[in-house]
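Per-entry structural report
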Amino acid sequence: MNIPLIISCPLVGAELTRDIYPNLPLTPDEIADAAKDAVGAGASIIHLHVRDKDGKPSQSVEIFKEVTEKIKERCDCIIQYSTGGAVGTDVAERCAPLSLKPEMATLSMGTMNFAEEIYENSFDTITEIARNIQKYNVFPELEIFDYGMMDTLEKFVKKELLPEKFHIDFVLGVPGGMSGTIHDLLMLTQRLSENQTWSVAGVGRFQLPLLTHAIAMGGHIRVGIEDNIYYLKGELAESNTQLIERAVRIANELDRDIASVEDARNILEL
Ligand code: KMH
Ligand code: ZN
């Protein structure tokens, strides 16, 4: 069966700066314009981080609200808030935007080295974010950066600390997390229960091969600048759209339809 391909686009992230990636959208209008372009190119989910007026990563409820409104003025899509924030953001701040009741939000399933820093997701932190996700009735995307996080996920399910339904995103290739070879992806997908929806977010050079594997396997994909700034080795991508358009061409060649926003809501049962 040809399950339409859900494309999620991480537009901005929390770590990038204009020094590293000059075309980075930063202001609410720039982020909303980038969202509209991404949806026009085939994305149905926007993975959202926002920035303050100095361009710094922020979990401000006001800024999330403003950007959400601006995106909704421009297009219909599933807006997925980051509860990861930037490395070092405290848990209360990470949870704060959930009070706006986004359609989706992320939940990272463990602590890890994140390049030179530590991305903290202790059991207490995961529990607190999961509690807020349930409180505001948000559909979670559980982010798996390493193999052992599948064990944590299963423990949380057993203890009924997670909502009954969730989507799983394998975020592979972060320096300090699990690598992003086909072998890594297969090990992870073998642990999935039947009918569990999943996607893969390949970081850096893993983005292109991993999205290709996931399209062929019947999974879904995340593709955008937060995860990878290059179109080809040494050549910066022009935009999120350029990366999405290539993924759409690959999907077309592999006979996968692209999910509309409505298809994505149906597949995820939102
Ligand atoms: N910025 C990373 C440390 C998420 O959005 O849920 C965490 C992150 C995860 O980006
Ligand atoms: Zn993110």
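The sections below set out a description of the structure shown in this document. Quick caveat, the model's predicted, so the values are computed rather than measured.

A word on helix α6 (residues 182–189)
For α6, the full list of buried residues reads D184, L185, L188 and T189. Summarising the axial view, the buried residues of α6 lie within an arc of 125°, below the 170-degree limit, and thus occupy one face. Turning to α6, the residues buried within the fold contact β9 (139–144), α5 (148–158), β10 (167–172), β11 (198–202) and α7 (207–217).

Quick word on the packing of α6 against α7
It is the contact of α6 with α7, at a shortest axis distance of 10 Å, that shows an interaxial angle of 40°. Between α6 and α7, the angle falls in the class oblique. Judged by the sense of rotation from one axis to the other, the crossing of α6 with α7 is right-handed. On α7, the residues touching I182, L185, L186 and T189 of α6 are L210, H213, A214 and M217. Classifying every residue of the contact of α6 with α7 by side-chain character gives six nonpolar, two polar and no charged.

Let's talk about the coordination of the zinc ion (ligand 2)
Under ideal tetrahedral coordination, the four donors around a metal are separated by 109.5 degrees; under ideal octahedral coordination, the six donors are separated by 90 or 180 degrees. Within the protein, H47 (NE2), H49 (NE2) and E226 (OE) serve as the donor atoms for the zinc ion (ligand 2), at 2.1 to 2.2 Å. Taken in chain order, the donor set of the zinc ion (ligand 2) reads H-x1-H-x176-E. On the basis of relative accessibility, which here comes to 4%, the residue H49 falls in the buried class.

Some thoughts on the side chain of T152
If you trace the backbone, T152 turns up in helix α5. Here T152 falls in the buried class, since its relative accessible area comes to 10%. T152 has contacts with M109, F123 and I126, leaving out every residue within four places of it along the chain.

Thoughts on the sheet that holds β11
In spatial order, the strands read β1-β2-β5-β6-β9-β10-β11-β12; together these eight strands close into a barrel with parallel pairing. The mean inter-strand angle of the sheet, taken between neighbouring strand axes irrespective of direction, is 25°. Relative to strand β5 (residues 78–81), strand β2 (residues 45–48) runs parallel, the two being bridged by four bridges. If you follow L48 over to β5, its bridge partner there is Y81. Contacts between α6 and the sheet are confined to β9, β10 and β11, with β10 contributing the most and set at about 155° to the helix.

Side note on the packing of aromatic side chains
Counted according to the given criterion, the structure contains six aromatic pairs. Where F123 meets F156, the ring centres are 6.0 Å apart and the plane angle is 70°; that geometry is what we call edge-to-face. Here F123 is found in helix α4 (residues 123–135), whereas its partner F156 is found in helix α5, with 33 residues between them in sequence. When the centroid spacing of 6.1 Å and the interplanar angle of 45° are considered together, the rings of F170 and W198 count as tilted. Remark: W198 occurs in strand β11 and F170 occurs in strand β10; sequence separation between them is 28 residues. According to the relative accessible area criterion, F170 is buried, its value standing at 0%. Overall, the relative accessible area of 9% leaves W198 in the buried class. Members of the aromatic cluster, joined through ring pairs, are F114, Y119 and F145.

As for the site of ligand 1
Near ligand 1 lie 13 residues; those nearest to it are E15, S82, G85, T106 and E143. In this structure, E143 approaches ligand 1 through a side-chain N or O atom, which is 2.8 Å from an oxygen atom. Relative to its unbound accessible area of 300 Å², ligand 1 is 98% covered by the protein chains. Here the shell around ligand 1 is built from residues that sort into four nonpolar, six polar and three charged.

Some remarks on the side chain of R222
Topologically, R222 is positioned in strand β12 (residues 220–222). Not counting the four nearest positions on each side in its chain, R222 is found in contact with S8, P10, H47, E143, D169, V200, A201, Q207 and D227.

Thoughts on a nonpolar patch on the surface
A cluster of nonpolar residues, I182, L186 and M217, forms a patch on the protein surface that exposes about 210 Å² of accessible area. Summarising the element assignment, I182 is placed in helix α6.

Rules behind the numbers
- Numbering of residues begins from 1 in every chain and follows the order in which that chain's sequence is written.
- Labels follow written order: the first chain is A, the first ligand is 1, and so on.
- Side-chain atom pairs in this predicted model are given and counted only at pLDDT of 80 or more, local residue features only at pLDDT of at least 70, and totals for whole chains, interfaces and linings cover all residues.
- Calculated side-chain values reflect all of the structure's heavy atoms, with hydrogen atoms and water omitted.
- Partly exposed describes any residue whose relative accessible area lies between the buried limit of under 20% and the exposed limit of over 50%, with all areas from a 1.4 Å probe on protein chains only and scaled to the type maximum.
- Put simply, DSSP marks the helices as runs of H or I at least four residues long and the strands as runs of E at least two long, and each gets a number from the N terminus on.
- Directions are taken from the helix axis to each C-beta atom, and the arc is the one they span.
- Contacts between residues were defined by any pair of non-hydrogen atoms, one from each residue, lying within 4.5 Å.
- Only the stretch in contact is used when fitting a helix axis, every axis being a line fitted to C-alpha atoms; angles between N-to-C directions are given from 0 to 180 degrees.
- Any angle that falls under 35 degrees is termed roughly parallel, while one over 145 is termed roughly antiparallel, one within 65 to 115 roughly perpendicular, and all others oblique.
- By the definition used in this description, the sense in which the near helix is turned from the far one sets the handedness, with an anticlockwise turn below a right angle giving left-handed and a clockwise turn giving right-handed.
- Basically, the charged four are Asp, Glu, Lys and Arg, the nonpolar ten are Ala, Val, Leu, Ile, Met, Phe, Trp, Tyr, Cys and Pro, and anything else, Gly included, counts as polar.
- Metal donors: N, O and S atoms at distances within 2.8 Å, or within 3.2 Å for Na, K and Ca, with water omitted from the atom set so that some sites may seem incomplete.
- DSSP bridges decide pairing: two strands pair if at least two such bridges lie between them.
- Aromatic rings from Phe, Tyr and Trp, taking only the six-membered ring of Trp, are treated as a pair when their centres fall within 6.5 Å; an angle between ring planes under 30 degrees marks them as stacked, one over 60 as edge-to-face, and anything in between as tilted.
- Nearness is judged by heavy atoms alone; a residue qualifies as near a molecule or strand once a single heavy atom is within 4 Å of it.
- Pairs of N or O atoms are called polar contacts if they sit within 3.5 Å, as long as, within protein, a hydrogen donor faces a hydrogen acceptor (for residues adjacent in sequence, only side-chain-to-side-chain pairs).
- For every accessible area listed, the method is Shrake-Rupley and the probe measures 1.4 Å; residues are considered covered only by the protein chains on display.
- Patches were defined on residues exceeding 30% relative accessible area and lacking a salt bridge, with like-charge contacts within 9 Å and nonpolar side-chain contacts (Val, Leu, Ile, Met, Phe, Trp, Tyr) within 5 Å.
- Salt bridge, as applied in this entry: a Lys or Arg side-chain nitrogen positioned within 4 Å of an Asp or Glu carboxyl oxygen.

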